[in-house]
Amino acid sequence: MIDRRTLLSASTSGVVLGALPGLGGAMARAAEAPPARQGVAMSDGAPLSPDMPVPFGRLLDPLPPADPSLRRLDDGWRFLEGDIAVAPPRGNDDTYAVTKTGNAPGAAGQDFDDGDWASVRLPHDWAIQHPIEADQNNAWGYRRRGVGWYRRTLRLEEAWRGRYLELQLGGMATNATVWFNGIPVAHSFSGYVQQNIDITPFARYGEEANVIAIRVDAQAMEGWWYEGAGLYRECALAVRPALHIATDGIHADPRPAAPGQTGGTWTVPVRVTLNNAGGGAEASEPVGPATIDVRLIAPDGRELARGQASASPAALATVEAGCDLAVTDPALWSTQAPLLHTLEVDLLRNGQVIDRRRLRLGFRTIRFDANKGFFLNGKPLKIKGVCIHQDHAGVGVALPDALVEWRVRRLQDIGCNAIRSSHHAPSLALLDACDRLGMLVMDENRHFNPSADYAAHLRWMVRRDRNRPSVIMWSVLNEEPMQGSAQGYEMVRRLAAVVKELDDSRPVTAAMNDGFFTPLNGADAVDLVGFNYRAEWYDRYHAAHPDRPIISTEDTSAVMTRGEWRNDEQRNVLGSYDTNAPEWGLTHTESWRRIGSRPFMGATFVWTGFDYHGEPTPLPWPAASSSFGILDLCGFAKMAYHIRRAQWLDGQPVIAIGPHWNWPGREGQAIQVMVPTNAAEAELFLNGASLGRKTVDPFAAPSWQVPYAPGRLEAVGYAQGREVARARVETTGAPVRLRLTADRAMMAGTGRDVQPVSVDLLDSAGRHVPTATDRVTFTLTGGGEIIGVGNGDANDHDSEQASSRRLYAGLAQVLVRAPAGQGRLTLTAQVAGLPVARVTIGFAPQANDMPALAATPGAQPVSEWRRTAFAATLPDGAQALARSDWRALSYVRAGRLEEAPATPGYTLLQTRLTPRRDLALRGGRVAFASVAGKAQLWVDGTLVARKADAAPGPLAAALPPGEQEHVISLVLEAQAGEAVGLARSVWAWPA
């Protein structure tokens, strides 16, 4: 271990504001460094509670989009919770029809009225909106899940005809079926795997509508924790040239000239997968070979290397092109200085750029040593990691990207340098934040299953994430019953082979909690042995297999409730003195002692970084969320946060005190006081009188038994006899004012930026009141939205999507989303009997934002057409043919022209349209995407439009609001031998 006392001896005395000059550590981090913790005060001079997050204060600079072909699909979705029964077909005709492509029945079909469904935006988790109910599964946080439907209408530009179109659905919890224009195009068996769907063959353009329909079955479960429900990750549409770079189609993982070398020459082997969807009737691109042009850009903007390669993929074929780039002495990526290079890949045809990608790469080396642990860039680094689930107070699993980044920064405050995404593939937002902020990642798949469908999930994850500098290992299982068997060995062996086929630069691990000593088991098939718990076996396994690197893939599982200082069954809370752990786990103190003292243990991954909904073990009802977190469900600090900071932060003096010092009625009674610190010695003072100085165990916080007396409790940390850190708590008075603390004064005006605002109460001296439980009511003006509230109380069953929240242990949180554009938001908070508090937050447009595909009202297909025979005389377009006459008329199929008459003539096409809800309320228009022949358009007996050109072209007319049935007639004129009719489909578009 690093001797932190030597480092801390360089400090000067006084209140510590951050890392010490010249000590590296957090001071050496790039601009995204986490802020200092101790002694932080707001502009009004009132110090923050040490349990509150320190405001970051600014927006990170936006990054250019990695894939410029993407358009967001966040808005314009209709949602219905519950399933929709479809009557089984009766009779041969109905059965025949429903089995045909494009004729999906019910909500999956194109001709379905979703006008009374709710309008939602993504990401969306419908389960978090549900009440907490005792008869539901406690693993899910006692919330119902069930089945839900989503539908969205798309209008695709005519200019996109002949291009490749891919629908990207980021995450659907849990199982899902996707239809596009009534055609089933995907079946998803995991809520953690993105579905990339080629919709090119089914797409319609211009005035023709396209309909996405998704049935999500959230009752199916993949995990024993809160998984949410719905389209909880972002979705997008890729619009690319027919010849294009495939999704996740670039592999560029920098390699040093020799293993372990950090300086000298590096090679970046760049391999690009090209797909050619062209060659059809609508092909519009020039022919000729394609060229890949690759440029490597340094963090400071200099071009470091350039290369090219050529390929000539045939129509509907996939090929790989590549080149190797040589780089000398590149700037290295590390947890302290996460310097990112940019790889720009252009696809050119006939000298023109037709497709482009930007990858952010990091030059770094990783190595796990069987005796000395982990090395990053040739230097030893103890991995101080946490396991996390992907939910947060107020939003469930529908985490906005900005909140994901905030959570990573919050973990870095602890000294955490690694995240295990438990137990599934992480979101792109999490990986982006980890790459950018310098957080290592254990990338883990969900299903321990090498069969074809599930091996495909693993392949997708590795292809997507293998260029990430933050990703340092792959995990292929978590605590599986078969892990210690010969069958388990074979399964791990096959999953590891899937990984190695795609990436041979990172080790494969398996997070096992048993079976290590059987004759053949999963640990025998991996590069890196992963222990979930079982700390008593570390030494035994290391002695038995001294050549195998070992890490703890999961440990600790200590439990505590923020702000509570004794176990209380009546109140259903757990004390914070680090004495509570389940039978399989250890306290934070003992777990770190076992791992931190063993050099051969390369990593710890604490269960968990944050509390999460569900799995409330060991608390019974009414607790609906976990207690394992170092931080609570809102990201407020528990005592575990201060304990881990003292254990993990090197080069930055740390000291904290627990508990608070508000104990009326306990005067004279002994209260245990903990002082987590990384100083060599600690001294405690009560109202200026020393209670003794103690030598600090590097793994355990010193404590004192202090007879309670109101006033000031102060702790001082010393290194080599000099003061290096100081902390205090004071007995507070009654609360007199409310405080709102935003993370940033400015937000991105993209319509998606979200930030947490901390809420607390202060007394007349400006001190945080740690015991306040008042209810706070919120309002937001300026066009934004409150998307969630929370307080970290596992027993609080109030809605998390509301405009009020009770403080718990002095704190609450409100999540605010800024609208698109520029302006100011004002968040107002009110507690009964106290002055109103306000915070104003600016927002402004941000460059490099991914464009969005505009929300489109749900269009109604106009499809049941009948046609009269060709006649020499012009038919009366005002007439409404009786339904009984339709049997004698010809059926008309849109997109297929009628047989050309032998002599000039006219024909009448007619349909009846009963408006759906949106069309009836607002009116709209009937749009013919393409009519062949000269035409008259009649609506309800009135001539409303003419088409004088016989060539195929569009035709449209207004439809008034109202529920009445419309009679729509089209009179067509045809010359001899001229085919006329509905060249493309017809749609009624609401206004």
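Here the structure is a predicted model, which is why all the values come from computation and not from measurement. (Residues numbered from 1 in each chain as written. Predicted model: local features only at pLDDT ≥ 70, side-chain atom pairs only at ≥ 80, totals over all residues. Heavy atoms only, no water.)

## Some remarks on the overall build of the chain
Within the chain one finds 10 helices and 57 strands. Its C-alpha atoms give the chain a radius of gyration of 32 Å, near enough to 30 Å, the size a compact globule of 991 residues would have. Residue pairs at least 24 apart in sequence account for 72% of intrachain contacts in the chain once pairs closer than 6 positions are excluded. A distance of 3 Å separates the average location of the 99 positive side-chain charges in the chain from that of its 107 negative side-chain charges. (Helix = DSSP H or I, 4+ residues; strand = E, 2+ residues; numbered from the N terminus. Rg over C-alpha atoms; globule rule 2.2 N^0.38 Å. Contact = heavy atoms within 4.5 Å. Lys, Arg positive; Asp, Glu negative; His and termini not counted. Charge placed at Lys NZ, Arg CZ, Asp CG, Glu CD.)

## Topic: the packing of aromatic side chains
If you walk through the whole model with that rule in mind, you get 22 aromatic pairs. On the basis of an interplanar angle of 45° and a centroid distance of 4.8 Å, the ring pair of Phe368 and Phe374 is categorised as tilted. Taking relative accessible area as the criterion, Phe368 reaches 15% and is therefore assigned buried. Overall, Phe374 belongs to the buried group, its relative accessible area being 1%. (Phe/Tyr/Trp six-rings, centres within 6.5 Å; stacked < 30°, edge-to-face > 60°. Buried < 20%, exposed > 50% of the residue type's maximum accessible area, 1.4 Å probe, protein only.)

## Description of the sheet that holds strand β33 (residues 681-686)
Spatial strand order, β34-β33-β36-β37: 4 strands in an open sheet with antiparallel pairing. Each end of this open sheet is capped by a strand with a single partner; those strands are β34 (689-695) and β37 (722-730). On average, each strand axis in the sheet is tilted by 20° relative to the strand beside it, whichever way the strands run. Across 5 bridges, the pairing between β33 and β34 is antiparallel. Bridging across to β34, Glu683 finds its partner in Arg693. (Pairing = 2+ DSSP bridges. Axes fitted to C-alpha atoms, helices over the stretch in contact; angles between N-to-C directions.)

## Some points on the pairing of strand β45 (residues 823-830)
Here is the key point about a regular strand: its side chains alternate between the two faces of the sheet. Taken together, the 5 bridges between strand β41 (residues 775-781) and β45 define a ladder with antiparallel strand orientation. Across the sheet, Phe778 pairs through a bridge with Ala829, a residue of β45. Where β45 and strand β46 (residues 837-844) come together, 7 bridges link them in antiparallel fashion. Across the sheet, the residue bridging to Leu827 is Val839, located in β46. Where β45 folds back on β46, the antiparallel hairpin that results is connected by 6 residues, among which Gly833 adopts a positive phi of roughly 85°.

## Focus on unusual backbone geometry
Excluding glycine, residues mostly carry a negative phi; peptide bonds, for their part, are mostly trans. Cis geometry marks the peptide bond from Leu122 to Pro123; its omega dihedral reads 0°. Of note, Pro123 is situated in the loop between β3 (118-120) and β4 (147-154). Cis geometry is adopted by the peptide bond preceding Pro618, which originates at Thr617 and carries an omega value of 5°. Tracing the backbone shows Pro618 in the loop between β31 (603-607) and α9 (639-648).

## Details of the sheet that holds strand β21 (residues 366-369)
If you trace the 3 strands from one edge of the open sheet to the other, you get β21-β22-β23, paired in antiparallel fashion. Two strands in the sheet have a free side with no partner beyond their single neighbour: β21 and β23 (379-380). Where strand β22 (residues 373-376) lies against β23, 2 bridges are found, and the strand directions are antiparallel. Each residue of the ladder has a partner; that of Leu376, found in β23, is Lys379.

## Some details on the nonpolar core
Val386, Leu411, Ile419, Trp661 and Leu713 are the most contacted members of the largest nonpolar core, which totals 100 residues. One finds Tyr205, Phe374, Cys387 and Ile472 within the second-largest nonpolar core, a separate group that totals 66 residues. (Core = buried A, V, L, I, M, F, W, Y, C linked by side-chain atoms within 4.5 Å.)

## Things to note about the packing of helix α3 (residues 401-414) against helix α4 (residues 428-437)
α4 packs onto α3 with a crossing angle of 45° between their chain directions and a minimal axis gap of 9 Å. Between α3 and α4, the angle falls in the class oblique. Considering how the two elements wind past one another, α3 and α4 form a crossing that is right-handed. On α4, the residues touching Asp401, Val404, Glu405, Val408, Arg409 and Gln412 of α3 are Ala429, Leu430, Ala433, Cys434 and Leu437. By residue class, the composition of the contact of α3 with α4 is 7 nonpolar, 1 polar and 3 charged. (Parallel < 35°, antiparallel > 145°, perpendicular 65-115°, else oblique. Left-handed = near helix turned anticlockwise from the far one by under 90°. Nonpolar A, V, L, I, M, F, W, Y, C, P; charged D, E, K, R; others polar.)

## Description of α3
Between the first and last C-alpha of α3 there are 21 Å, a value that for 14 residues agrees with the 20 Å anticipated at 1.5 Å per step. With 12 of 14 residues buried, α3 is to be regarded as a mostly interior element. Buried within α3 we find Leu403, Val404, Glu405, Trp406, Arg407, Val408, Arg409, Arg410, Leu411, Gln412, Asp413 and Ile414. Those residues of α3 hidden inside the fold are in contact with β24 (383-388), β25 (418-421), α4, α9, β40 (754-763) and β44 (812-817). Downstream of α3 by one or two residues, Gly415 has phi in the positive range, about 100°. (Expected span 1.5 Å × (residues − 1).)

## A look at the UniProt feature "domain: Beta-mannosidase-like galactose-binding" (unreviewed entry) in the chain
Within the UniProt annotation, "domain: Beta-mannosidase-like galactose-binding" (unreviewed entry) is assigned to residues 129-220. With 0% helix and 43% strand, the stretch residues 129-220 has end C-alpha atoms that lie 19 Å from each other. (UniProt positions renumbered as here; feature names shortened; annotations may be inferred.)

## Side note on the environment of Ala872
Checked against the element boundaries, Ala872 lands in the loop between β48 (865-867) and β49 (890-892). Note on Ala872: relative accessible area 68%, which makes it exposed. In sequence terms Ala872 and Thr907 are 35 residues apart; their C-alpha atoms lie 9.0 Å from each other.

## A look at the side chain of Arg407
Assignment of secondary structure puts Arg407 in helix α3. Of the side chains bearing the opposite charge, Asp391 lies closest to the buried Arg407, which forms no salt bridge; the N-O distance is 5.6 Å. For Arg407, the side chain forms a polar contact with the main-chain oxygen of Asp391, separated by 3.0 Å. A distance of 3.0 Å separates polar atoms of two side chains, one belonging to Arg407 and the other to His392. (Salt bridge = Lys/Arg side-chain N within 4 Å of Asp/Glu carboxyl O. Polar contact = N/O pair within 3.5 Å; in protein donor to acceptor, adjacent residues only side chain to side chain.)

## A look at the packing of helix α5 (residues 452-465) against helix α6 (residues 486-502)
Relative to each other, α5 and α6 sit at 35°, their axes nearing to 10 Å. Classified by chirality, the crossing of α6 by α5 is right-handed. Contact residues: α5 offers Ala455, Leu458, Arg459, Val462 and Arg463, while α6 offers Leu495, Val498, Val499, Glu501 and Leu502. Across the contact of α5 with α6, the residue classes tally to 7 nonpolar, no polar and 3 charged.

## Considerations on the pattern of salt bridges
Applying the stated criterion to the full structure yields 78 salt bridges. Put simply, Arg562 and Asp632 hold a salt bridge, and the shortest N to O gap is 2.7 Å. You can see Arg562 sitting in the loop between β30 (550-556) and α8 (588-596) and its partner Asp632 sitting in the loop between β31 and α9, a full 70 residues away along the chain. The salt bridge involving Asp849 is made with Arg752; its shortest N-O contact spans 2.4 Å. Here the residue Asp849 occupies a position in the loop between β46 and β47 (860-861), and Arg752 occupies one in the loop between β39 (746-748) and β40, the gap between them amounting to 97 residues. Of the residues examined, Asp849 reaches a relative accessible area of 30% and is grouped as partly exposed. One network of salt bridges, in which partners are shared, links Arg78, Asp114, Arg151, Arg917, Asp918 and Arg922.

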